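Below, each chain spelled out in residue letters.
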Amino acid sequence: MEEGKEVVSMEEAKGENGEGINKYACGCAAIASMISIIFGYDTGVMSGAMIFIKEDLKVNDTQISVLAGILNVCALVGSLAAGRTSNFLGHRYTIVLASIMFLVGSVLMGYTPNYPILLTGRCAAGVGVGYALMIAPVYTAEISSSKSKGFITSLPKLGISTGILTGYLANYFMVALPLKFGWRLMLGIAAVPSLGLSIGILKMPESPRWLVMQGRLGEAKRILLKVSNSKEEAQIRFRDIKLAAGIDEDCNEDSGKPPTSTGGRGMWKELLLRPTPTVRWMLLATIGIHFFEHATGIEAVMLFSPRILKKAGVTSKDKLLLGTIGVGLTKLMFMASSTLLIDRVGWRPLLLTSTAGMIAALTGLGIGLTNVENAKEKYLWALGLCFVSTYTFVAFFNIGVASVTWVYPAEIFPLKLRAQGASIGMVVNKGTKAAISISFIPIYKVITIGGSFFMFAGISVVAWFFFYFLLPETKGNHLEEMEELFTRGSRSNKSKNVGVEILLKGSNA
């Protein structure tokens, strides 16, 4: 009876009747997404800080490439450990751990007297990034309902865009500070929000799905009542989670351990060594979408945009940094647009349209940079083409690929494999990102900077076909319905998933 009173009071307070976005769930997702803002800030501010680091510490291009990419290499360590850590500690405390790691890294980078300590701080922050970017999308997906999961699970990626723009602005407004102090302040100031997040996250609820996997059914039910718009929705979600965890849907006890252990070994075997055709398809989709997110060149544009604009003919530091602010604004505006569109349009149309636009923009950027590099005098049309193509690429990337990459893998795996599946996706994501960060400068020195963007355009063509044949639409489906969707898709959606059926048959032969 007491529980019924609690439900009534919450519904009255919300003034909801089962429709719209739950404000409490949205608030929790927004707080969890703060770690993404901090990471985005580090990415954005580092693009400009590298100009001053090279001048102050007298480092060469190879050391700059390592500095740019080492965060993503170390993020692999965090990603690999995040699945088991979140299963043991819970999603909330894993985000706290990520915040503390980023706090340590920011302090070291702000204090650094030399290149080795700067690299150490970057590594510490990287481990925190690996934890955070794996668990934040999973957490937001698990507290949101099927009607609003696209919007809510896009918040971490929107946070990254916000952070990148903030980093670009910090570069521009701190450029007048003394050389030795300016770039250290740019990097060290991220310690402040990291400390705030590590404290604030403790006020948030744990993931109800994680609580069910731990057998804490009473706590999970109470949290679902808060993050759902009605008692009926909470009951449906609670029943689906129990079924997915292998618990009797009629079980009304406050505790009840699932029949399968939450330990990691059996799950990793089920995911990697003996996957069912359905799980194999999910794994392939996750690996592919994370690989193509960065293999198509976004890291080269975001991290090295000052260098690209300099190659295009912009020489003043102020104008270079001002140009990056335009890149950051474009990224944020189109990521916000994607967040509003994703639940209405669906993942597939956004993803395919986004990739097609990227192909055109990368081709244009390759043409513009090739002409600027080979011309004996400046051509305004080529310079204009470089600017327009850069902004167009960032716009199309963020309207689809950027947001869908984080929503899609976070929701498609079965409950017991979700943390491990997201962890594998993050490893691929960070591995690809690190490879692009470290190799971009050496590659463009060999094949020219224009040639490198023609290469990215070719990879984007492959990505479009991969997305078309291997990624089914998941819009409007509950997280617990994904296994059925992927199994059904491999048999009946032949017009959209022919490649999947051929692949699955081949792997079973």
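Fair warning: this is a prediction, and the values are worked out from it, not measured in the lab.

What counts as what
- Residues numbered from 1 in each chain as written.
- Predicted model: local features only at pLDDT ≥ 70, side-chain atom pairs only at ≥ 80, totals over all residues.
- Heavy atoms only, no water.
- Helix = DSSP H or I, 4+ residues; strand = E, 2+ residues; numbered from the N terminus.
- Buried < 20%, exposed > 50% of the residue type's maximum accessible area, 1.4 Å probe, protein only.
- Contact = heavy atoms within 4.5 Å.
- Areas by Shrake-Rupley, 256 points an atom, 1.4 Å probe, with all protein chains shown as cover.
- Axes fitted to C-alpha atoms, helices over the stretch in contact; angles between N-to-C directions.
- Parallel < 35°, antiparallel > 145°, perpendicular 65-115°, else oblique.
- Left-handed = near helix turned anticlockwise from the far one by under 90°.
- Salt bridge = Lys/Arg side-chain N within 4 Å of Asp/Glu carboxyl O.
- Expected span 1.5 Å × (residues − 1).
- Bend = angle between axes of the 7 residues up to and from the residue.
- pLDDT = per-residue confidence, 0-100.

Regarding the overall build of the chain
Thinking step 1. A tally of helices and strands in the chain yields 24 helices and zero strands.
Thinking step 2. Per-residue burial for the chain yields a buried fraction of 58% across its 509 residues.
Thinking step 3. Taking the contacts inside the chain whose residues are at least 6 apart along the sequence as the reference set, 84% of them involve residues at least 24 apart.
Thinking step 4. Within the structure as shown, the chain displays about 19,700 Å² of accessible surface, and the carbon and sulfur contribution to it stands at 65%.

Thoughts on the packing of helix α12 (residues 217–227) against helix α13 (residues 231–245)
Thinking step 1. α13 packs onto α12 with a crossing angle of 140 degrees between their chain directions and a minimal axis gap of 8 Å. Accordingly, the angle class assigned to the pair α12 and α13 is oblique. Where α12 crosses over α13, the two elements pack in a sense that is right-handed. Together, L217, A220, K221, L224, L225 and V227 of α12 and K231, A234, R237, F238 and I241 of α13 make up the contact between the two elements.

A look at unusual backbone geometry
Thinking step 1. Even without a glycine there, the phi angle at K58 is positive, about 55 degrees.
Thinking step 2. Looking at the element boundaries, K58 is found in the loop between α3 (34–57) and α4 (61–89).
Thinking step 3. With a relative accessible area of 67%, K58 lands in the exposed category.
Thinking step 4. Phi at T448 takes a positive value of approximately 75 degrees, unusual for a residue other than glycine.
Thinking step 5. Position of T448 among the secondary structure elements: in the loop between α21 (418–447) and α22 (449–470).

Description of the pattern of salt bridges
Thinking step 1. According to the stated counting rule, one finds nine salt bridges in the structure shown.
Thinking step 2. Residue D42 is joined to R122 by a salt bridge in which the shortest nitrogen-to-oxygen separation is 2.3 Å. Of this pair, D42 sits in helix α3 while R122 sits in helix α6 (residues 115–143), placing them 80 residues apart in sequence. Across this residue pair, the class does not change: D42 and R122 are buried.
Thinking step 3. Ionic contacts of the salt-bridge type, sharing partners, join the residues K54, D61 and K445 into one network.

What to know about helix α18 (residues 317–345)
Along an α-helix, residues three or four apart share an orientation, since each turn contains 3.6 residues.
Thinking step 1. Over its 29 residues, α18 runs 41 Å from end to end, which matches the ideal 42 Å to within 8%, given 1.5 Å per residue.
Thinking step 2. Considering bend angle alone, the principal kink of α18 is centred on T339 and spans about 30 degrees.

Side note on the confidence of the model for the chain
Fine structural detail should not be taken from predicted coordinates in areas where pLDDT scores are low.
Thinking step 1. Per-chain confidence: the chain averages 81 in pLDDT, with 86% of residues scoring 70 or above.
Thinking step 2. The spread of mean pLDDT over the elements of the chain runs between helix α1 (residues 2–14), the lowest at 38, and α22, the highest at 95.
Thinking step 3. Here residues 1–18 is a poorly scored stretch, pLDDT under 50, and it has 19 contacts once near neighbours within four places are set aside; other chains count.
Thinking step 4. Below a pLDDT of 50 lies the segment residues 489–509, which in the model reaches 30 contacts outside its immediate sequence neighbourhood of four places, other chains included.

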